[in-house]
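Notes for the structure review
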Amino acid sequence: MPATLSEALKKSSTVSIHVGLQVELNCCGQGLACSFSSEALFISAAISGLIGGCMLKYIDVTKRYGDVAAVNGVSLEVEGGRVTALLGPNGSGKSTLMKMAIGVVKPDSGIVEVDGVNPAEDPCEARRLIGYSPEDVVLYESLTPAEVFSFLGEVYEVPGSELERRVRRYVRLFKLGEEMGKLCGELSRGNRRKVSLVSALLHEPRILVLDEPFTGLDPKSARVLKELMRKMAYEGRVVLFSTHILELAEAVAERVVIMHRGKVAAEGEPSELREELKASDLEDVFMRATGLSEELEELVKSLWGE
Amino acid sequence: MWLTLARVLAREAQYRARRRYGRRAYRLARSMLLSNLLSILMFTAISLGLSSAVAAVPAEARVEASIWVLGVLGVFEMFIGGFTMASTLQVLLADRLLDFITPLPVRESDVRKALLALVVIWGGVAMLFLVVPGAALAGYLAGSIGVFAGGVAEAAFCLLMAAGLGYLAGSVSPKATRRPLIRAASTLVWLLVFFSGFMFNFVSRLAERLELEPLGPLLQLTPPFCIVAAGASGGYAALSSACWMLASLLVFKAGARRFWRAVAAGEALLAAEAKVSGWRLWRGLLPASLRKDLTLLSRTPRVLASTIGYMAFPALYIMMSLTEAGAASRFMAAILFFFGGLTGLSAQYLYSLEGEGAKLLYHLPVRRGGLAFRKACTTMLLLAPLSLMVLAAIGYFSGAAAGLLAFLSYMLSSSSSALLTSYLAAREMPDEPTAWTPQTISAATRVVVMIGMLVLYGGLAAALAAIGFFISWLAASATAALAGLLLLAVGVKAIKGLSSPL
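Residues numbered from 1 in each chain as written. Chains lettered and ligands numbered in written order. Predicted model: local features only at pLDDT ≥ 70, side-chain atom pairs only at ≥ 80, totals over all residues. Heavy atoms only, no water.

A few words on the overall build of chain A. For chain A, the helix and strand inventory stands at twelve helices and twelve strands. Among the 306 residues that make up chain A, the fraction classed as buried is 55%. (Helix = DSSP H or I, 4+ residues; strand = E, 2+ residues; numbered from the N terminus. Buried < 20%, exposed > 50% of the residue type's maximum accessible area, 1.4 Å probe, protein only.)

Turning next to the overall build of chain B. Counting its regular elements, chain B contains 19 helices and zero strands. Surface summary for chain B: the accessible area is close to 23,300 Å², and the carbon and sulfur share equals 70%. (Areas by Shrake-Rupley, 256 points an atom, 1.4 Å probe, with all protein chains shown as cover.)

Opposite the 39 residues of chain A that make contact, chain B presents 37 residues. Of the roughly 3,600 Å² buried between chain A and chain B on both sides combined, carbon and sulfur atoms contribute 65%. Applying the counting criterion to the chain A and chain B interface returns three salt bridges. Between Arg367(B) and Asp122(A) there is a salt bridge, with the nearest N and O atoms lying 3.3 Å from each other. The tally of links from chain A across to chain B stands at eleven residue pairs in polar contact (both at pLDDT 80 or more). Where the side of chain A that touches chain B is concerned, the elements lending two or more residues are α4 (123-129), α5 (145-155) and α6 (160-173) of chain A. Residue contributions to the side of chain A that touches chain B peak at eight residues, all from α5(A). A per-class count over the side of chain A that touches chain B returns 21 nonpolar, eight polar and ten charged. (Contact = heavy atoms within 4.5 Å. Buried area = accessible area lost by both parts, 1.4 Å probe. Salt bridge = Lys/Arg side-chain N within 4 Å of Asp/Glu carboxyl O. Polar contact = N/O pair within 3.5 Å; in protein donor to acceptor, adjacent residues only side chain to side chain. Nonpolar A, V, L, I, M, F, W, Y, C, P; charged D, E, K, R; others polar.)

The next thing to look at is a negative patch on the surface. On the surface, Glu294(A), Glu295(A), Glu297(A) and Glu298(A) cluster together to form a negatively charged patch. Here Glu297(A) is to be found in helix α12 (residues 293-305). (Patch = residues over 30% accessible without salt bridge, like charges linked within 9 Å, V, L, I, M, F, W, Y side chains within 5 Å. Lys, Arg positive; Asp, Glu negative; His and termini not counted. Charge placed at Lys NZ, Arg CZ, Asp CG, Glu CD.)

Omega for the peptide link from Pro223(B) to Pro224(B) comes to -5 degrees, which places this bond in the cis form. Here Pro224(B) is to be found in the loop between α8 (216-219) and α9 (225-233). Although it is not a glycine, Glu157(A) adopts a positive phi angle of roughly 55 degrees. Here Glu157(A) lies in the loop between α5 and α6. A positive phi is found at Arg261(A), a non-glycine position, where the angle reads about 50 degrees. Residue placement: Arg261(A) occurs in the loop between β11 (255-260) and β12 (263-268).

Tallying each qualifying case throughout the model produces seven aromatic pairs over all chains. Centre to centre, the rings of Trp68(B) and Phe225(B) are 5.8 Å apart; their planes meet at 20 degrees, and the pair counts as stacked. On the criterion of sequence distance, the pair formed by Trp68(B) in helix α3 (residues 62-94) and Phe225(B) in helix α9 is long-range, its members being 157 residues apart. Here Trp68(B) falls in the partly exposed class, since its relative accessible area comes to 42%. Take Phe225(B): its relative accessible area is 9%, and that puts it in the buried class. Pairwise contacts between aromatic rings join Tyr167(B), Phe252(B) and Phe259(B) into one cluster. Here Lys292(B) stacks its cationic end above the ring of Phe151(A), 4.5 Å away from the centre of that ring. (Phe/Tyr/Trp six-rings, centres within 6.5 Å; stacked < 30°, edge-to-face > 60°. Lys NZ or Arg CZ within 6 Å of the ring centre and 35° of its normal.)

Below, the discussion takes up the pattern of salt bridges. Within the structure shown, the criterion is met by 29 salt bridges over all chains. Across the pair Glu164(A) and Arg283(B) runs a salt bridge whose closest N-O atoms are separated by 3.2 Å. One end of the pair, Glu164(A), is in helix α6; the other, Arg283(B), is in the loop between α10 (236-273) and α11 (288-298), on a second chain. You can call Glu164(A) buried: its relative accessible area is 18%. Between Lys194(A) and Asp218(A) there is a salt bridge whose closest N-O contact spans 3.4 Å. Taken as a pair, Lys194(A) in helix α7 (residues 189-201) and Asp218(A) in the loop between β9 (207-211) and α8 (219-234) lie far apart in primary sequence, 24 residues in all. What emerges from the salt-bridge pattern is a single network uniting Glu79(A), Arg82(A), Arg255(A), Glu267(A) and Glu269(A).

All names here are of chain A. Burial analysis of strand β10 (residues 238-242) places five of its five residues in the buried class, which makes it a mostly covered element. The alternating pattern of β10 places Val238, Leu240 and Ser242 and Val239 and Phe241 on opposite faces, both of which are buried. Both strand β6 (residues 83-87) and β10 contribute to a ladder of four bridges, which runs parallel. Note that in β10 the partner of valine 83 across the bridge is valine 239. (Pairing = 2+ DSSP bridges.)

Put into structure tokens, the structure is as follows:
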């Protein structure tokens, strides 16, 4: 990532500045999110919140459930402008970390910052900034998706006509048209996931936190979601998602964070991590970072040995 | 195999039903006998208690008294049995608990047997104890072995009928959310359940007034009373009993078959039956959050019936008081104030109504105070027609000014009670969504809230009644309205102070 504006400009093939609205730096067809130094102060006011402004920050965060540390002294910065994937074995603390962002789980120690807001102190403000889709979809089973969206529109204070426009857009994107009149309790797993995703996107949040968003999605919807995530990152928003599908992470994410036993085992761009850990692909990176490769090899050997 | 299957299903369904409906939890013991023991003891006590009334009747009328008492117990058995079966069986369907069995190499006959065994495991055996001990006592007191034999047969066939009805209701109930007609029927049934005591009392009073003794022979032909009558004296009652027994068998068979079909079809049936219609977002003056509550209420027959019951009962009582005591009674202001306070308690149902959806609220920028206020507003909205009824009734009996004051007094006390109840319920919501269940606000808390409200509104009503001795009832109504207004202010202030988020 470029450290200064001039560096960013050197790397960029095109720069378009819409005064007071937005700055787009285009490098090899990809939007760059930058944290500018003092030399960019004169335009930082104009671009604040659009590029590099959004930030989800964890500072030495710990959360224990009894004797088990679900999250153990994690410090992490998730910047806007690129998609970040959170990887890790089951029970490594990914979901806990995500729930902390919306203040559902409060850390025992450390601070979480959602664009400057501490969700432990003001979860409502954090939730206004965040679009969150949990791993286990929760919906009103006796309401239709249209009714759920209407309710959410009021909660997020989205004006009626704008809500209508957004809902129609997402319904078209996720092919939800035929499901909108059914009760949520009657929807298939994949469609419930789509409703949950649309619910997270409706208020066009600055920070998108998606826990296992691809679970149950058909390939077409998964593709749509990938593009949506990329586009939102391109707009300078924070996009953080967790997954167990490493190919997906490699395809979508520009940065990966690997969690293991409540700690950050590795983080960086996939290519950097491959190089650093001398790994062939992200799966190899994952195994090495979590120290599971030897264990896995033994397991595989024993399996075939049988 | 089938017994293990039945046990596993019973445990799981009972656990889920308890979470969903908050039915009184009793420990799932290892044996069937133990799991039924508590119910057996309770039902035996009820049965013996009611049947002992036969002793108070002259010896020559004891057989007739036994027919009446055992018949009523039989109706109870059918009612409770059918209700228990239906509510638990519908969990089996709605939660698709049998889905995990479908891919296993389990024979269909075993699953059918397991489903039948559930009748026993879910307290089916205990149901028999509502009638059998009573039949033994009544038979002894009446000196008739026929009464005892009839009682035992009645218990068995009432259980069969209850199981059949339970199977039928359980297989239909998952559709109750979707289909307005089934929803309406379901709400009606729930209302009958809630008002059964009230109705029984009402029918008895009516029977007393109409002197229904000549209907005695007719009662002996009416199922399930006829079975004990047949045991005691035979005759036409025996014919009626035979018809009833056959009907019980047929209903049981039809119910079991219908339920099995629903189980076998499972998700496919639900999906096929779901009608796809057009959609549109909610528009209009009514805020979406209120509309959400009203929609959820209209699609949840049980809660709808509870809410209607809570709201309508005091209003009905007021109407009856008006016709009996007259609108200008000096205690009317106090009565209106007190019942207004009671109706507001229905706000707590709107929290149970959230169901699993409540967990979604924890991801949204929603504060407890805002939630409490919206729930109270929905309650007030629901109460408005009843308040208008009160206004119209009192206005009719004693003029517009009195009607308006009464309306104000009733409306303000019910609104303030709704606000205070909602405030207490919102405070009780857990800090983490995983801890939420529709029964999060425990029965104990509800009782405490109810007692608190009874003390508050009852105490104030008593004070208002005392004032009524010294001033005109119009002035008393004005005082009641003022008291309601003060409580309303307290409620608003309390809710405003509830700024913590979910």
